[in-house]
Amino acid sequence: FGRKMAAGVGEPSMATSSERGMPARGRSSPAKDDNLLHTGARSRCIRQPSGCKLVCVAVFLASIAISASGKPLLGGSLTWSISPDFRNGDLENGDRYVRFSLLTAFEMDLRCTYEVGSKFSCAEDYGVLCVEQFQGNPPSLSLLGNPNRPCVVDAGQHAGTTNDFTVVRTRNVNGINVVFGKKTHRVSVNATTTVLTAYWKSKNDKNNMGGLLKTCDTNATALETPCAINDLSRENTPVRLSGVSYPNMPSLETVVPVCALEGDFVLCSDVNGTDILGNYYSPIPVFPGFVEVAVTPATRSPTDAGKAWFYNSSDGGKYVAPHPPMQFKSSDYDGQQMAQVIPTRSSYREVSNLQVKCFGGLRNGSSAQYSQPGSSWAWPSDGDRCNHYFDGDGGGGSMVKFDFDFGSNPWAPLPLPVERNWINPNSQNGTLDSILFGTDQYRCTGRGLTSCNPLTDVCSAPGGGKACSGSGMFTQHVVQTIDLPFLDVDNMDEAVPHITDRSDWYTDATGSPKGADVQTVFSAYPCFAGSANQPPQFVKSLDSAILTVDPRCRRVDLPGDYTKLNTEVRCKVGELCVFPVYAQDFNIDSRGMDAPGAGSVDYCANLERLPPSNVLKYQSTDIVQIELAPGWDEGDFSLVPAVCEERTFQKCVRDYPGCTCTYAGDTTSQMPAVDPVLCEGLGGEGAAKCFFREMFQPEDIGQHRVRCFVAKDPHSDRHFVGPNGDGTGLPDVHPPYEDSRCENPGDCAKSANKNTCRSQPMCVKIVVEGHAPEFSGATPTEANSFDENGELIPGQTDVPACEGYPLMLTLEAVDMDTDDEVRIFVEDTDISEASISPRDIRTQLLDLADSWNLDFFASTGQIVDSFWNSYPPQCMGTDGLPAGSPKFRGYGAGKEGDNKNQQNVLPFAKDKTVVGAYSPKIVHVKAPSQQLMYELNARQRNGIMQRANCDQAGQDTTCREKLLNMDQIICGKAYDNSRFRAKRWVGEHDPNGVNIPKALRDHSNGDMASPRHCWRIRLQAPPVFVTSPARESSPFNERWGVQDGIGRSTTGNTTAYKQVYVGINDLVNFTFVAQDPNPEDSVKIFVVDDPGMPPGMSATPTLCIPRGGAQSMCRAEANYSGELPRFDIDSEVESACSKAQLTLSWAPTPEQAGNTFRVCVVARDSSPLCAGKGPPDATSSGWYGEQHCLDATVVEPALHWVEDMLSPSVFTSWVGCETRLELAARDVSAMYDVLIEPTRDLPSGASLSIERHEGGIMTKAIMSWLPARGSEGSTTEVCFSAVDGLRANDPLPERCWQMTVGRCQYCIGTGDTLSLVMKDYGLDTNWLRIWLHNVGTVTNPDLIVSPHPVQNMDDATGNAHGLPRVYVGPIYKVKEGESLQSIAVRFRTSVKSILSLNPDVMGEEDIEADETRLCLIPCQQRRPTPGVEPASYTSA
């Protein structure tokens, strides 16, 4: 309205709009039509001739009964809140108080002035708000103060306060000018008070109705209105307080459970204080003060089929009611569950049974309840309980219905015919017309009146004066709203079903009340929509309607859930809240059947008419308007029509080519002035698409606003018939009353077919939220985590923990709300039950796994053996080892930074209420930063181990193999402190049903929380080189202990490098085997460029070593079913290439001899996770692990003669005896073969044999020679040299031997006789002479049976077999002057014989006195030579 208006005086003016087209805060403006206060006839009189206004005012004045008896309560509610410091409050400081909020609606008084935003000014009686205080515990309550309890205004504990409300708005409702007011009242609470009661009462309740509407006296000559058709008798016993009665008949009564500071009562300081004062707010029901109920052909249909309002119900739409149901919404700032209760203690008129019921039963007085199955509430058992709900659950209210028909006449004397005659709306009582609307008796003020004036719409009889469409008669109803304080919001007790039907939360063990109940009073009245009309319906969308037949029929195929509306939205403080509201008008005929419009009947005659239960309907072409329902709405809000995005001044209701129908944002401020509480759709479309917008301030956080809307198709009870006068010009167009075509008389005519009525209210709850904290800054939140099937896991980020490098996971959070502070809490939710104490509270907060998963934040101390008893031993390297062998330890991750000491997810120190303090260990800051620290270390075994057992399950390359424990998933949220700051339950309500896994439950406890984010700690380690028990693979130095090397890299560790020696041209192979502990990784091995490979060395490509079966690996196997990641160990993981080998091949050249070459290799896995995370060798291609090297020395040959195996350098050989010369050489490097070769020609007939010893590094040469007859006296020198088999170095210096063949001795073989010797050697002698020369040597001249023993090395060389030697004659030394001839003569032999026995003497020139020795066989001549005397001789 305007800023100020006296009732019935002055013209209305629009409220000032803001620059964005929003109304000024705290103001609202009425819609057009009968939203305006009546100034005579209905507001249409504004368009009547000027004289009409005076008549209207006069009629208005005549219709007001000036009385000082007090106005009856038309509608309202009484709610309360308790001071946040109530339990710990100080009486002197005024901390113990209850603040009441009283909403009331009354008929306006001509004597009063009403200005929106100010208290009304007059002496009118609008009643008293009474508050009483009790002490004790129910049922033994005693009243504080005067036991007679007069509700004295502003006096003591029983203080009453005048209802001097502040005007919220004014409006005409059903012909009554109504003022909506709001009053707040703060009451200090006594130290011993345990319960307060409060109620509203009229000062002059003559009818003992508790100040409610009196019953209409239909027999009166002049009906006094407003009045009630139904009779609501009242009782003076307060709900839930047995034994207490009110001295006055109350209305809107409520009970406030509190606690006392002193006395033997329910004390605020009780040690079980979590059960004390869990309710700081009563429920806040929000419902229009008035409901206009359209009476249509569909509601008056005699069949239930016309009243099945839910076409999409899963049970076939069995829920029927006389009129469409309404959603009764309420809020609870304690975050508690609520329900509506319809009291049945009130005695209704038996004949009419005009009651409101929960929606869910049959029509007309059904007592069926629409509640959760298994209801076990002990109270209230005498009422009709509706379903239970929470704020934020998407519904936030109960469905209620009128359980009677506004359009039927139960007093009708006629039985209901099979084929009903459709009723003239102006017929008299006694027909089947509505007792509430359909007769003149109730449209005008007395019996016997025949009609309303069709031109003025005013009853024409004396004493009339009210508009025919505003009778001032109502039905009045009471709905009770209760809440159920609950402590187990975290659902630690696993209640089934959680929260629902928990009567023990409504009262404590002593029966003292904990829950709250408040009452709402509203009034309803009928409106006759016409004989072929109905008001528009709210639908979920207009864009979903698809024209399925010819558009001229306007037949639409609607989705089955088209009436399933979104009646709860969430909006942020500081941001413009905008949401759409859709209404669609559908044509029906006089039977209540869906039908095309009048102008399309002939065209669509061949189309069947559809019952209302079908979703095939016909759009009308009426103007549709959406407005706020009459109530106590306050705020910075407005309704604006949808416009084309391409043409922001063009209204629309749905998209079409060239028009995207949407909210235009700030551009609407450039549109013509809009009515902030009314929005009109586009003419001819039969629909309206509007946007409600409202701005909320930071102080509104946690509050809920309910905005209720009604839709109408304004006809002004007139029908535009078109230019042809026969309805053929336009198909059934019904423009609003201000349409310019109605200015000319005759263009508009009174029509009973279509009258203006509103739909029943559609209420939307706006949950006003702050901004939830968000992880920000350095917090890793990228979507990079995939499950085993390659599917992206939402809300999870992989974070690598790289072995040997500290992981510091920094988590930061911010909150856009200026006054909020934030904390971060992270925990490991997937832990083994066996790893924590049974007393740990996490046994109640988590679904503990039956696995070996340790808490990521557990100490690195040794875990008891019993925990690991069933852990697959091959997964931690303990199989085959004795008990007590090293096992995995805890991970030992830690927290630093803000809120590092919060131990579990529960935030409360004690009581879980909106004022409950946080745990002392919880710290909120403006911009928290928390660091999670962890270092994966094999020496600590905190997630990784290195195998020291070198023969693992028969594998030959398992030494130093690394094994990983399970990856870890930690999850966290950022929480603000909005609950504690606003002292309202801001966050999620009842988020923790038993169908939600414990680890996924919400423990924000009224605060705003960020979405849950998880981080998978991916345990990462680079490849290592593994070896065999003999340390041949990946050659390791034998002196380097594998046990000592656990957790240590070989890079630069020369003690681990093996020294190998390689011979020239020897082909050698070196195999390196590397293993990575991550089965999914692939390993490649590379030769390090510096120093590289020596010339001639080659490397094979990396060869994968597949693993499976007995060589399977272990890995954490994740299961993400139910959105909850679970890890378990999988000991049978196959791996294609996490183990690989590379082989180096080399044959050194002689040029490389004497040099040492170092060759290094490095292995790289395929994981890029550690790139840039600390390890300098981790790249985007993979992590390069340790370098492993070997030192290869190319050995030079080193030969020498084996002295102790050499024959004497000078010796004597004998004819017939084998000469055996032996010599040996060795390569001291033990790498090469030795060759022995003669450097001079060997004696004739000599042979040389070679023997190789010690693998060829030592060679023995044996020369064999049998001197022949004729070699006596000769000297032969033989020489040899040794060289390596590759002839890489110079040969050894030669060694020579001198052999002289002895004279006069010959070797005789075993078994030979002397006769044979003479024959064999051709000696000219006889056996006797030989025998005589060998006395003592030859014992049997006929048989020499055995060889002589070898006496010395000389003998061993010249006579290798030790054969006997026999002398054939003496050895004679030539004397001076002798010649061969003289010697022959002297010894009776011949020169020929001498030369034969001494083949080295060729003649006289070869003999030399005193030097030459000759073998002689004397006495070969029988007679001495003449002149020569025989001589004696001495053997030489």
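Structural data are supplied above this passage.
Residues numbered from 1 in each chain as written. Predicted model: local features only at pLDDT ≥ 70, side-chain atom pairs only at ≥ 80, totals over all residues. Heavy atoms only, no water.

Q: So what exactly am I meant to see when it comes to the overall build of the protein chain here?
A: Helices and strands together make up the secondary structure of the protein chain, namely ten helices and 71 strands. For the protein chain, the residues scored as buried account for 58% of the 1436 residues in total. Considering only residue pairs separated by 6 or more positions, the protein chain has 75% of its internal contacts joining residues 24 or more positions apart. Put simply, the protein chain shows about 56600 Å² of open surface, and 49% of that area lies on carbon and sulfur atoms. (Helix = DSSP H or I, 4+ residues; strand = E, 2+ residues; numbered from the N terminus. Buried < 20%, exposed > 50% of the residue type's maximum accessible area, 1.4 Å probe, protein only. Contact = heavy atoms within 4.5 Å. Areas by Shrake-Rupley, 256 points an atom, 1.4 Å probe, with all protein chains shown as cover.)

Q: Would you mind going over the packing of aromatic side chains with me for this structure?
A: Given two aromatic rings, their pairing is described by the distance between the two centres and the angle made by the two planes. Tallied over the full model, the rule gives 33 aromatic pairs. Aromatic rings pair up to connect Phe106, Tyr114, Phe120, Tyr126, Phe165 and Trp200 into one cluster. Just above the ring of Tyr918 sits the side chain of Arg979; from NZ or CZ to the centre is 4.9 Å. Lying across the ring of Phe980, Lys983 places its NZ or CZ 4.0 Å from the centre. (Phe/Tyr/Trp six-rings, centres within 6.5 Å; stacked < 30°, edge-to-face > 60°. Lys NZ or Arg CZ within 6 Å of the ring centre and 35° of its normal.)

Q: What is the right way to read a negative patch on the surface from this model?
A: On the surface, Glu1376, Glu1408, Asp1410 and Glu1411 cluster together into a negatively charged patch. With respect to the helices, strands and loops of the structure, Glu1408 is situated in the loop between helix H10 (1391–1397) and strand E71 (1413–1415). (Patch = residues over 30% accessible without salt bridge, like charges linked within 9 Å, V, L, I, M, F, W, Y side chains within 5 Å. Salt bridge = Lys/Arg side-chain N within 4 Å of Asp/Glu carboxyl O. Lys, Arg positive; Asp, Glu negative; His and termini not counted. Charge placed at Lys NZ, Arg CZ, Asp CG, Glu CD.)

Q: Looking at this model, I keep getting lost on the nonpolar core. Mind explaining?
A: For soluble globular proteins, nonpolar side chains are generally found buried alongside one another. Within the largest apolar cluster, 46 residues are counted, with the highest numbers of intra-cluster contacts made by Ile82, Phe86 and Phe100. With four residues, strand E3 (residues 97–107) is the single largest residue contributor to this core. If we skip the residues at most four places from it in the chain, Ile82 touches Tyr97, Val98, Val256, Pro257, Val258, Leu277, Asn279 and Tyr280. (Core = buried A, V, L, I, M, F, W, Y, C linked by side-chain atoms within 4.5 Å.)

Q: Quick question: what am I supposed to make of the pairing of strand E57 (residues 1139–1146) here?
A: A regular strand carries its side chains on alternate faces of the sheet. Within E57, seven of the eight residues are buried, which leaves it mostly tucked inside the rest of the structure. For strand E51 (residues 1068–1075) and E57, the ladder comprises eight bridges, and the chain directions are antiparallel. Note on E57: the bridge partner recorded for Gln1075 is Lys1139. For strand E53 (residues 1098–1099) and E57, the ladder comprises two bridges, and the chain directions are antiparallel. Across the sheet, Ser1098 pairs through a bridge with Ser1145, a residue of E57. (Pairing = 2+ DSSP bridges.)

Q: Looking at this model, I keep getting lost on the pattern of salt bridges. Mind explaining?
A: Note that side chains of opposite charge can pair when their charged atoms are close. Under the counting rule described, the total for this entry stands at 44 salt bridges. Arg1220 is paired through a salt bridge with Glu1222; the nearest N and O atoms lie 2.9 Å apart. Its relative accessible area of 22% is what places Glu1222 among the partly exposed residues. Each of Asp798, Asp967, Arg1016, Arg1018, Glu1080 and Arg1115 takes part in one network of salt bridges that share partners.

Q: Help me understand the environment of Asn491, please; the structure alone is not making it clear to me.
A: Considering the arrangement of structural elements, one finds Asn491 in the loop between strand E21 (473–484) and strand E22 (517–528). For Asn491, a relative accessible area of 0% translates into the label buried. For the pair Asn491 and Pro991, spaced 500 residues apart in the sequence, the C-alpha separation amounts to 9.2 Å.

Q: In this structure, what is going on with the pairing of strand E38 (residues 762–769)? I would like to understand it.
A: By the criterion of burial, E38 is predominantly enclosed, with eight of the eight residues buried. Side-chain alternation along E38 places Met762, Val764, Ile766 and Val768 on one buried face and Cys763, Lys765, Val767 and Glu769 on a second face that is also buried. In terms of strand pairing, strand E35 (residues 704–712) meets E38 through six bridges, oriented antiparallel. Pairing of Cys708 across the sheet is with Cys763, part of E38.

Q: It is not clear to me how unusual backbone geometry should be interpreted in this structure. Could you clarify?
A: Both trends apply: most residues other than glycine have a negative phi, and most peptide bonds are in trans. With an omega of 20 degrees, the peptide bond running from Asp1090 to Pro1091 counts as cis. Backbone geometry at Arg960 places phi at a positive 75 degrees, although glycine is not the residue there. Examined against the element boundaries, Arg960 turns out to sit in the loop between strand E45 (944–946) and strand E46 (962–964). The exposure class of Arg960 is buried, given its relative accessible area of 0%.

Q: Before we go on, may I ask you to explain the sheet that holds strand E16 (residues 326–331) in this structure?
A: In space, the four strands of this open sheet follow the order E14-E16-E20-E18, with antiparallel pairing throughout. Each edge of the sheet is formed by a strand with only one pairing partner; in this case those strands are strand E14 (284–286) and strand E18 (356–358). Adjacent strand axes in the sheet meet at a mean angle of 35 degrees, parallel and antiparallel pairs treated alike. With three bridges joining them, E18 and strand E20 (residues 397–402) adopt antiparallel strand pairing. Paired with Cys358 across the bridge in E20 is Val400. (Axes fitted to C-alpha atoms, helices over the stretch in contact; angles between N-to-C directions.)

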